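# A look at the structure
These are the residues of each chain, in order.
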Amino acid sequence: MLTKDTAICIRALDYSETSQIVTFFTRATGKIDAIAKGSKRPKSAFDGPLEIFSYGKIVFSDSTKEKLAVLTEFQQQPGFTHLAGNFFALNCCLFGAELLNNLTNEHDPHPQLFDNFLQFLQNTNEIRDTLVLLILFQLALLKEVGLQPILNACVNCKRRYGSNWPESYFSSSANGLICRDCENSFPDRIGMTQTAANALSNLKSIADADEKTLNEIEKVLVYHFTEILHRPPKMAKYILKR
Ligand SMILES: [Zn+2]
């Protein structure tokens, strides 16, 4: 059976002299692994070798959870050329793809998350804007996979977050904000500045946050993803070391 879908390549590995194994995040099917036979031949049926972030309409067959799908068509659309030469934006997109690959399951569709990821790839630009998009994408990803953090109240005592909180913490094990009265019960909590806690508790204000605040929030999220995955995401160091 042939399936048509819209897809973004989030991983491409050489399989043989002429073929590749690629992981697609598709809009309607979710994540799939597919073999692209002959994709590295000069005249391939797929508009040339597949690369990470190749994007377009695909047709594939024989896809089950147990075996590789076979890619039969790929009409590539103009790629995300603005990423060439913009190392920070490219690294953020690679980081997003890594998280997406690690946190979603095969054949588990998330059309909303697909649209979020596409917008993220299309709109990354200056450092500050890119950080805003990365943070919003990471929060959308957590929500879609059932790990939405609690950011408007203390997870433990349910006290609503307010900018009058004298101290704010984030705990990965609690999956959200922790107030000063509860922080002792959460050894893994990390402190946050009031500015960062304000921005995180009111996502509409993230777009106006300054770069320093965005970096602080991103550090919190990297810590959180490290706990969730039980190891640091590979790309995280390129996002934080600037
Ligand atoms: Zn509390």
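This structure is a prediction, so every number in the text was calculated from the model and none was measured. (Residues numbered from 1 in each chain as written. Predicted model: local features only at pLDDT ≥ 70, side-chain atom pairs only at ≥ 80, totals over all residues.)

## Here's the deal with the overall build of the chain
Assigned secondary structure in the chain consists of six helices and eight strands. Secondary structure elements of the chain, listed N to C terminal, follow the sequence β-β-β-β-β-α-α-α-β-β-β-α-α-α. For 242 residues, the compact-globule formula gives about 18 Å, and the C-alpha radius of gyration of the chain, at 20 Å, lands near that figure. Viewed in the frame of its principal axes, the chain has a C-alpha envelope of about 65 × 35 × 25 Å. Buried positions account for 33% of the 242 residues belonging to the chain. At a minimum sequence separation of 6, the contacts of the chain that also span at least 24 residues come to 55%. (Helix = DSSP H or I, 4+ residues; strand = E, 2+ residues; numbered from the N terminus. Rg over C-alpha atoms; globule rule 2.2 N^0.38 Å. Buried ≥ 20, exposed ≤ 12 C-beta atoms within 10 Å, placed from the backbone. Contact = placed C-beta atoms within 7 Å.)

## Describing the domain arrangement of the chain
Its domain assignment divides the chain into domain 1 (2-76) and domain 2 (81-149 + 185-240). Once you take the C-alpha centre of each, domain 1 and domain 2 turn out to be 26 Å apart. Listed per partner, the contact involves 15 residues of domain 1 and 16 residues of domain 2. At the level of elements, β1 (2-14), β2 (20-26) and β3 (30-36) are the ones that each hand at least two residues to the side of domain 1 that touches domain 2. With four residues, the single largest contributor to the side of domain 1 that touches domain 2 is β3. Its residues placed into classes, the side of domain 1 that touches domain 2 shows seven nonpolar, three polar and five charged. (Domains from an automatic or database assignment. Nonpolar A, V, L, I, M, F, W, Y, C, P; charged D, E, K, R; others polar.)

## Here we look at helix α2 (residues 111-123)
In this model α2 runs 18 Å from its N-terminal to its C-terminal C-alpha over 13 residues, within 8% of the 18 Å that 1.5 Å per residue would give. Taken together, the buried positions of α2 are occupied by L113, F114, N116, F117, F120 and L121. Angular distribution of buried residues about the axis of α2 spans 160 degrees; they occupy a single face of the element. Those residues of α2 hidden inside the fold are in contact with β1, β2, α1 (87-103) and α3 (127-144). (Expected span 1.5 Å × (residues − 1). Arc of directions from axis to C-beta.)

## Description of the environment of H107
Structurally, H107 is set in the loop between α1 and α2. Taking the C-alpha atoms as reference, H107 lies 19 Å from L118; in sequence the two are 11 residues apart.

## Structural notes on the sheet that holds strand β6 (residues 168-171)
Pairing is antiparallel in the open sheet, where three strands are placed in the order β7-β6-β8. Two strands in the sheet have a free side with no partner beyond their single neighbour: β7 (176-179) and β8 (190-192). Here the strands of the sheet are splayed against their neighbours by 45 degrees on average, with no regard to which way each runs. (Pairing = 2+ DSSP bridges. Axes fitted to C-alpha atoms, helices over the stretch in contact; angles between N-to-C directions.)

## Some thoughts on the pairing of β2
Extensive coverage of β2 is indicated by the burial of six of its seven residues. Taken together, the seven bridges between β1 and β2 define a ladder with antiparallel strand orientation. Paired with L13 across the strands is I21, a residue of β2. Joining the antiparallel neighbours β1 and β2 is a turn of five residues. The pairing of β2 with β3 spans seven bridges and is antiparallel. Each bridged residue has a counterpart across the sheet, and for V22 the counterpart in β3 is A34.

## Regarding the nonpolar core
I8, F24, F25, A34, L71, F117 and I217 are the most contacted members of the largest nonpolar core, which totals 59 residues. Excluding residues that lie within four positions of it along the chain, F24 makes contacts with A7, I8, C9, I32, A34 and I58. (Core = buried A, V, L, I, M, F, W, Y, C linked by C-beta atoms within 7 Å.)

## Some points on the sheet that holds strand β4 (residues 55-61)
Spatially, five strands are ordered β1-β2-β3-β5-β4 in a closed barrel, and the strand pairing comes out mixed. Neighbouring strand axes in the sheet, compared pairwise and without regard to direction, differ in orientation by 55 degrees on average. Of the strands in this sheet, β1 and β2 touch α1, which is tilted by about 115 degrees from β1.

## Re the packing of α3 against helix α5 (residues 211-229)
In contact at an axis separation of 10 Å, α3 and α5 are set at 30 degrees when each is read in the N-to-C sense. In this structure, the crossing between α3 and α5 has a hand that is left-handed. For the pair α3 and α5, contact is made by I127, R128, L131, V132, L134, I135 and Q138 and by E211, L214, N215, I217, E218 and L221, respectively. Partitioning the contact of α3 with α5 into residue classes produces eight nonpolar, two polar and three charged. (Left-handed = near helix turned anticlockwise from the far one by under 90°.)

## Re the packing of α1 against α3
Two elements in contact, α1 and α3, have axes separated by 10 Å at closest approach and are oriented at 5 degrees. In this view, α1 runs roughly parallel relative to α3, as classed from their interaxial angle. Across the interface between the two elements, F88, A89, C92, G96, L99, L100 and L103 of α1 pack against I127, T130, L134, F137, Q138 and L141 of α3. Here the contact of α1 with α3 is composed, by residue class, of 10 nonpolar, three polar and no charged. (Parallel < 35°, antiparallel > 145°, perpendicular 65-115°, else oblique.)

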